[in-house]
Amino acid sequence: MNIQTYRRKFILIAMTAMTACLVLLLTMINLFNCFSVVAEQKDILSILLENGGRFPTFGSPMSKRRPGHSYEITEESEHRVRFFVVTVSPEGDIIHVNLQQIAAVDDQQAAALGQKAAASGQEYGFAGNYIYKVSTREGSPNTHIIFLDWQEKLTAVKSFAFISVISGTAGLAMTFLIVLWLSQRAIRPVIVSSQKQQQFITDASHELKTPLSAISVNMELLGMELGENEWIASTNDQLSMLRRLVDQLICTARMDEEASLYGKKQELDFSELVTDAVTCFMPMAETTGRTIEVNAPEGITMLGNEELLRRMLSVLCDNAIKHARGEGNIVLSLSAKPKAITLRIQNPWPHAKDTAIYERMFYRFYKADPARSKDSIRNGFGVGLSIASKAAQWHGGAIKASPVDKDQICFAVTLRRK
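Predicted, not measured: the structure shown is a model, and the values here were computed from it.

*Asks:* Looking at this structure, I do not really get the overall build of the protein. What am I missing?
*Replies:* In terms of helices and strands, the protein carries 8 helices and 12 strands. The buried share of the protein, taken over its 418 residues, is 37%. Contacts in the protein between residues at least 24 apart in sequence constitute 65% of all its contacts with a sequence separation of at least 6. Carbon and sulfur atoms form 57% of the exposed surface of the protein, whose accessible area is close to 24700 Å².

This is the structure:
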């Protein structure tokens, strides 16, 4: 996973956290605002009911704020607040309708609203643009319902919610731009360091090729002069290992910086690529006394880069053959869905039950063998799986290793088809 991928993940996490916090904050603010407005309207209804369906005279003891009342009565209260009163008998008949403080409804509409509110059985409720309270006076069987017009307050609540959403969206957009700018500045030293490290590995690897070539030529001359002997053969084996190590170092160092140079993806027959890769490694498997069992349906296609896919398949086949130990053959299976391809390579491995190994298996230069043996067949440098993992990531996929049973390991490769 390259630095830019980590940067995108950081931006995604930061913006997700910021969005969640902002949504929670705005939701709480709007709920508090809504509850406050509703509480104020209920307080007005209680004041009206306590005073027989009207506001108390301003300046009287009844007009002063009391504990439990959030609404403060002013000289303009009775002129600003619009309400009407409906009295309903126990049988549900309309006894009286008082429309002195409102002009938006007539007797028929008020009566219909009053009967509906009385039948609801609730003390408080909402009916269109009105909030109401149902009350019965002591000594009277009738029900008194006061309807308060809170359309202006409701419009204010909706406007506040709309403005808060717009402000929150603008804030998130600004935050995104700031995070985008700062994240680029923050990772710039890391990018420079990574580029220098990759350049160093590439330059050092190329510089190593010259002395290796010279040593190889000298060993050939010594072989011609002295004849074959175990020391010359051993040195040539070590030279071959060094050449392969240098090649893998160059490949590893260049994977990230060359990813953008592989060009556009092309339509490929992945089934054919798998078959070709397995065919090349079958003789190698036979030298270890094993066979490669293949279950790859024909005609599975995908958009990808042939070079990277062949490199990934070669690494996985080579890894399965080199590390296959114990009884059993290597099994390769290929399956496809509309949006993804899954490739599985399974081989016997005595360390399959050691789950701690799987966390580090795709690290560069990691080898599960603690002795890091240089077996002539199983030698390696722990770089191949890292290269295969990067190739899979370039195709929008991933490689995961998991135990099948106590002595079988399976590498599952998931690739995006388009």
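*Asks:* Teacher, can you tell me more about the confidence of the model for the protein here?
*Replies:* The predicted model of the protein averages 81 in pLDDT, with 83% of residues at 70 or higher. Of all the helices and strands in the protein, helix α5 (residues 230-258) carries the lowest mean pLDDT, 71, while strand β10 (residues 340-348) carries the highest, 93. pLDDT under 50 marks residues 370-378. Its contacts with residues more than four places away, or in other chains, come to 12 contacts.

*Asks:* Help me out: how do you make sense of the nonpolar core in this one?
*Replies:* Side chains that are nonpolar tend, in soluble globular proteins, to be buried together. By size, the foremost hydrophobic cluster in this structure holds 42 residues, and its most contacted members are Phe 270, Met 312, Leu 343, Met 361 and Phe 411. When contributions to this core are tallied by element, the ones reaching two or more residues are α6 (270-287), α7 (306-323), β9 (330-336), β10, α8 (384-394), β11 (398-405) and β12 (408-416). With 9 residues, the top contributor of residues to this core is α7. Excluding residues within four positions of it along the chain, Phe 411 makes contact with Leu 316, Asn 319, Leu 343, Arg 344, Ile 345, Met 361, Phe 362, Leu 385, Ile 399, Lys 400 and Ala 401. In this structure, Val 37, Val 38, Phe 55 and Leu 148 belong to the second largest nonpolar core, which totals 17 residues.

*Asks:* What should I look at first to understand α6 in this one?
*Replies:* Owing to its 3.6 residues per turn, the α-helix aligns residues three or four sequence positions apart on the same side. Here α6 is 18 residues long and its end C-alpha atoms lie 27 Å apart, about the 26 Å a rise of 1.5 Å per residue gives. When the local axis directions of α6 are compared, the greatest deviation, roughly 40°, occurs at Phe 281, which is followed within four positions by the proline Pro 283. You can read the cap of α6 off the contacts: a side-chain oxygen lies 3.2 Å from the backbone nitrogen of Ser 271, and it is on Asp 269. Count one or two residues on from α6 and you reach Gly 289, which has phi positive near 80°.

*Asks:* Explain helix α3 (residues 107-120) here, please?
*Replies:* Taking 1.5 Å of rise per residue, 14 residues should cover 20 Å, and α3 covers 20 Å from first to last C-alpha, within 8% of that figure. Regarding α3, the residues found buried are Ala 110, Ala 111, Gly 114 and Ala 117. An end-on view of α3 places all buried positions within 130° of arc, on one side of the element. Of the residues in α3, the exposed ones pointing more than 90 degrees away from the buried face are Gln 108, Lys 116 and Ala 119. Each element contacted by the buried residues of α3 is listed here: β1 (83-88), β2 (94-98), β4 (130-136) and β5 (143-149). Where α3 begins, one side-chain oxygen reaches toward the backbone nitrogen of Gln 108, 3.3 Å away; that side chain belongs to Asp 106. Residue Gly 121 follows α3 closely and has a positive phi angle near 75°.

*Asks:* Would you explain a negative patch on the surface in this entry?
*Replies:* A grouping of Glu 267, Asp 269, Glu 272 and Glu 298 is seen on the molecular surface, where their side chains present a negatively charged patch. Residue placement: Glu 267 occurs in strand β6 (residues 266-269). A relative accessible area of 54% places Glu 267 in the exposed class.

*Asks:* How do you make sense of the environment of Pro 338 when you look at a structure like this?
*Replies:* For Pro 338, the location among the structural elements is in the loop between β9 and β10. Taking relative accessible area as the criterion, Pro 338 reaches 75% and is therefore assigned exposed. With 78 residues separating them along the chain, Pro 338 and Arg 416 place their C-alpha atoms 9.4 Å apart.

*Asks:* Mind showing me how you'd approach the sheet that holds β12 here?
*Replies:* Strand pairing in a sheet relies on backbone hydrogen bonds. The paired strands run either parallel or antiparallel. Pairing is mixed in the open sheet, where 5 strands are placed in the order β7-β9-β10-β12-β11. Of all the strands in the sheet, just β7 (292-295) and β11 have a single pairing partner and so form its edges. Neighbour to neighbour, the strand axes of the sheet diverge by 15° on average, direction disregarded. Here 9 bridges tie β10 to β12, and the two strands are oriented antiparallel to one another. Directly across from Ile 345, in β12, lies its bridge partner Phe 411. The strands that α6 touches are β7, β9, β10 and β12; relative to β7, the one it contacts most, it runs at about 170°. Packed on one face of the sheet, α8 meets β11 and β12 and runs near 120° to β11.

Reading the values: the criteria
- Residues numbered from 1 in each chain as written.
- Predicted model: local features only at pLDDT ≥ 70, side-chain atom pairs only at ≥ 80, totals over all residues.
- Heavy atoms only, no water.
- Helix = DSSP H or I, 4+ residues; strand = E, 2+ residues; numbered from the N terminus.
- Buried < 20%, exposed > 50% of the residue type's maximum accessible area, 1.4 Å probe, protein only.
- Contact = heavy atoms within 4.5 Å.
- Areas by Shrake-Rupley, 256 points an atom, 1.4 Å probe, with all protein chains shown as cover.
- pLDDT = per-residue confidence, 0-100.
- Core = buried A, V, L, I, M, F, W, Y, C linked by side-chain atoms within 4.5 Å.
- Expected span 1.5 Å × (residues − 1).
- Bend = angle between axes of the 7 residues up to and from the residue.
- Polar contact = N/O pair within 3.5 Å; in protein donor to acceptor, adjacent residues only side chain to side chain.
- Arc of directions from axis to C-beta.
- Patch = residues over 30% accessible without salt bridge, like charges linked within 9 Å, V, L, I, M, F, W, Y side chains within 5 Å.
- Salt bridge = Lys/Arg side-chain N within 4 Å of Asp/Glu carboxyl O.
- Lys, Arg positive; Asp, Glu negative; His and termini not counted.
- Charge placed at Lys NZ, Arg CZ, Asp CG, Glu CD.
- Pairing = 2+ DSSP bridges.
- Axes fitted to C-alpha atoms, helices over the stretch in contact; angles between N-to-C directions.

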